[in-house]
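# Topology and contacts: notes
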Amino acid sequence: MSIAFQSATQLLQDLQNRRLSSVELLQSCLDQIDRAEPQVGAFLGVDREGALRQAKEVDQRRHAGEKLGSLAGLPVAIKDNLCVKGWKTTCASRMLADFAPPYNAHVIERLRSADAILLGRTNLDEFAMGSSCENSAFQKTRNPWQLAAVPGGSSGGSAAAVSAGMVPLSLGSDTGGSIRQPASFCGIVGVKPTYGRISRYGLIAFASSLDQVGPFARTVPDAALLLETLAGHDPRDSTSVNMPVPSWSQQLDRPLDSLKIGVVPEHFGAGVDDEVAQTVTRAVELYRMLGASVQEISLPHARYGVAAYYIIAPSEASSNLARFDGVHYGHRAAEFENLVDLYETSRAEGFGDEVKRRIMIGAYALSSGYYDAYYLKALKVRRLIANDFQQAFRDVDLVLTPTSPTPAYPLGTQLADPLKMYLDDMYTVPANLAGIPGLSLPCGFSAGGLPIGLQLLAPAFEEDRLFRAAHMYEQATDWHQRHP
Amino acid sequence: MTLSSDDVLKVARLSRLKVTPEELTRFANQLGQILDYVHQLEEIDTAGIEPMAHAGELLNIFREDVPGNSLSRPDALANAPKSDGTYFLVPQILEGT
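Here is what the cut-offs are and how they apply
- Residues numbered from 1 in each chain as written.
- Chains lettered and ligands numbered in written order.
- Predicted model: local features only at pLDDT ≥ 70, side-chain atom pairs only at ≥ 80, totals over all residues.
- Helix = DSSP H or I, 4+ residues; strand = E, 2+ residues; numbered from the N terminus.
- Rg over C-alpha atoms; globule rule 2.2 N^0.38 Å.
- Buried ≥ 20, exposed ≤ 12 C-beta atoms within 10 Å, placed from the backbone.
- Contact = placed C-beta atoms within 7 Å.
- Nonpolar A, V, L, I, M, F, W, Y, C, P; charged D, E, K, R; others polar.
- Core = buried A, V, L, I, M, F, W, Y, C linked by C-beta atoms within 7 Å.
- Bend = angle between axes of the 7 residues up to and from the residue.
- Pairing = 2+ DSSP bridges.
- Axes fitted to C-alpha atoms, helices over the stretch in contact; angles between N-to-C directions.
- Right-handed = clockwise from strand over helix to strand, strands pointing away.
- Parallel < 35°, antiparallel > 145°, perpendicular 65-115°, else oblique.
- Left-handed = near helix turned anticlockwise from the far one by under 90°.
- Expected span 1.5 Å × (residues − 1).
- pLDDT = per-residue confidence, 0-100.

### Here we look at the overall build of chain B
Counting secondary structure elements, chain B contains 3 helices and 0 strands. Secondary structure elements of chain B, listed N to C terminal, follow the sequence α-α-α. For a compact globule of 97 residues, the expected C-alpha radius of gyration is about 13 Å, and chain B comes in at 23 Å, more than 25% above that figure. Taken over the C-alpha atoms alone, chain B extends approximately 55 × 45 × 25 Å along its principal axes. Across the 97 residues that make up chain B, the buried fraction comes to 18%.

Below you can see the structure in the form of structure tokens.
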């Protein structure tokens, strides 16, 4: 196998055993970027010089026998809504086209102290709002498996970059499925950790009660390795929890005795693509063969998840994005009549349509006379959705669902109908509302050759269970060894 | 439920977004569809259910009140669209000054 598609775990071993230098590995990534990137368009910026400087330094320190960090020499790509000092951070928005953050996000500090190589900034739906990466103000990203198809979103660039062999690992953020859905569309592993596992410091906020940073990787062990590097308490984010971070990557082979998996029958019925339902059903059967017991469960309020989400997330967004005023940073209109006109014109010019829609939906739901009917109602439904999971996890260890109701669809087909695109989040949104961890991993392909993903959900802080169960499936299949 | 252009104009003002007449029509249509969809929440009986504003539901987190480092003035102003090196500059707000 060419090193471009090697697992991060294998690459790390090769680096440690000095069969491979960090500069050689970086060069292989850059070569693959030269080959694939003109078609895929995953990156908004590649820091060739900075990456080369870091790679040389890691090689020198390794040569000198210094102790190195847990990801020493491994290139990582960063979703362009995470602040990296010395780079631009644009959120794929005209509003932040020239924004140069004055500090590093917590996860960037973690990567730097692990001696990872920061390779470049990846494309996203503007401010992480969207499920196809088509809402980027700057460029379209294409699915490496089929260039006519979307990579998913919002973290589409990070998923496409790993899938196309341009980088072994990347970071995304997941507010309603923005890591798991593109991982599923691009045939790789993506994890949304428990809310609070990772500090959101330096993640440009979309919906603060739902946003989590998480890893993309080609294999389950790789994703576990990256997550254990990112996770941990940070006093600068008061929602980051002060709990020990297990060494998930070291515990993957511990057997899961009498694993009980819950499935929801409606997840395999109306509204789901037939091939997706069949493929995920085969994955359920495989778990049964591997010794798991499978039982039907009910999540009676999950079908209201999208409706609750599309009130809660825009409400929080309308508040979070109020900071973009054309005064402190970000786009400022060239011409305006007074201060209010400066705000209104700068924001009208700086934001794209989807961002404007969500800000306005949020402002509407929070406005006087509508707050109880919309926002408060959605928060109560959120509680019912979280209660459903608590109830389900009394009977089962994990819940298994399709990640997305369809495989990747052609570019341009869903842009005119925002509501239809929202419905694609139906299986992923409930985990964000409840704050529980979720993982997507490849489980097959459509007849048209597009990847299909399955989602595993666990109770809060049970990432260990997710990784071990996902690894069990991965070891019994070879989907993760295929690449575009 | 269709939103009127006036409804959208009101919410655009609240959001500090300038909208063109063409956008008013388009957004009225799209926002109306989204609101129609979320109305299904009314089917659910939520009597006696506590709203859940946050997944973590942590209690207040306190820290010692000690001075620490903060952004330097040049760093804080570095991304300002307009500044004089000391302050952010905005158009005149008060009349007659």
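### Some remarks on the overall build of chain A
Secondary structure assignment for chain A yields 15 helices and 11 strands. Expected size for 484 residues packed as a compact globule is a radius of gyration near 23 Å; at 21 Å, chain A falls within 12% of this value. Projected onto its principal axes, the C-alpha coordinates of chain A cover approximately 65 × 55 × 45 Å. Considering chain A as a whole, with its 484 residues, one finds that 62% of them fall into the buried category.

### With respect to the interface of chain A and chain B
Taken together, the 52 residues of chain A in the interface contact 40 residues of chain B. Among the elements of the structure, α9 (305-320), α10 (339-350), α11 (353-366), α12 (372-395) and α13 (418-423) of chain A are those that each provide at least two residues to the side of chain A that touches chain B. Looking at the side of chain A that touches chain B, its residues break down into 31 nonpolar, 12 polar and 9 charged.

### A closer look at the nonpolar core
If you look at the biggest cluster of nonpolar residues, it comprises 173 residues, and the most contacted ones within it are V76(A), A308(A) and L456(A). Setting aside residues up to four positions removed in sequence, L456(A) forms contacts with L398(A), L400(A), G438(A), L439(A), L466(A), A469(A) and A470(A).

### Re helix α2 (residues 22-40) of chain A
All names here are of chain A. By the largest-angle criterion, D34 marks the main kink of α2, which is about 40°, and a proline, P38, follows within four residues. All buried positions along α2 are accounted for by S22, L25, L26, S28, C29, L30, I33, A36 and V40. Looking at the buried positions of α2, the neighbouring elements they touch are α1 (8-16), β1 (43-46), α3 (48-63), β2 (75-79), β3 (117-122) and α5 (156-163). One or two residues past the end of α2 sits G41, with phi positive at roughly 65°.

### Some thoughts on the environment of P221(A)
Residue and element names in this part refer to chain A. Its location among the elements puts P221 in helix α7 (residues 220-230). The exposure class assigned to P221 is buried, which follows from the 24 C-beta atoms found within 10 Å. Beyond its immediate chain neighbours, meaning those up to four positions away, P221 contacts T9, S249, L252 and H471.

### What about the sheet that holds strand β9 (residues 398-402) of chain A?
Residue and element names in this part refer to chain A. Taken together, 11 strands build an open sheet; the order of strands is β1-β3-β2-β4-β6-β5-β10-β11-β9-β7-β8 and the sheet is mixed. Of all strands in the sheet, those with a lone pairing partner are β1 and β8 (293-296), marking the two edges. For this sheet, the mean inter-axis angle between neighbouring strands, taken without regard to orientation, is 30°. Pairing between strand β7 (residues 260-263) and β9: 2 bridges, direction parallel.

### Considerations on the pairing of β3(A)
Two faces, one strand: in a regular strand the side chains alternate between the faces of the sheet. Residue and element names in this part refer to chain A. Counting buried residues in β3 gives 6 out of 6 residues, a clear majority hidden from the surface. Relative to β3, β1 is paired through 3 bridges, and the arrangement is antiparallel. Looking across to β3, one finds that V46 is bridged to G120. One ladder, built from 5 bridges, connects β2 with β3; its direction is parallel. Paired with I78 across the bridge in β3 is R121. In this region the chain leaves β2, passes through helix α4 (residues 106-113) and returns to the parallel neighbour β3; the handedness of that crossover is right-handed.

### Brief notes about the packing of α9(A) against helix α2 (residues 21-38) of chain B
Between α9(A) and α2(B), whose axes approach to 9 Å, the crossing angle comes to 125°. Accordingly, the angle class assigned to the pair α9(A) and α2(B) is oblique. α9(A) and α2(B) meet at a crossing whose hand is left-handed. Where α9(A) abuts α2(B), its residues A307(A), Y310(A) and I311(A) lie against I34(B), Y37(B) and V38(B). Its residues placed into classes, the contact of α9(A) with α2(B) shows 6 nonpolar, no polar and no charged.

### Quick notes on the environment of T403(A)
All names here are of chain A. Its place among the elements puts T403 in the loop between β9 and α13. When the 29 C-beta atoms within 10 Å are taken as the criterion, T403 is described as buried. Along the chain, T403 and Y329 lie 74 residues apart, while their C-alpha atoms are 37 Å from each other. For T403, the contacting residues outside a window of four places in its chain are R180, Q181, S184, Y427, T428, S440, G453, L454 and Q455.

### Comments concerning α11(A)
Across its 14 residues, α11(A) extends 20 Å between first and last C-alpha, which sits within 8% of the 20 Å expected from 1.5 Å per residue. The set of residues buried in α11(A) consists of V355(A), K356(A), R358(A), I359(A), M360(A), I361(A), G362(A), A363(A), Y364(A) and A365(A). In this structure, the buried residues of α11(A) make contact with α9 and α12 of chain A together with α1 (5-14) and α2 of chain B.

### Overview of the confidence of the model for chain B
All names here are of chain B. This prediction gives chain B a mean pLDDT of 90; 95% of its residues lie at or above 70. Mean pLDDT across the secondary structure elements of chain B bottoms out at α2, with 94, and peaks at helix α3 (residues 73-77), with 96. Both scores are given for the predicted complex: the pTM is 0.97, the ipTM 0.94.

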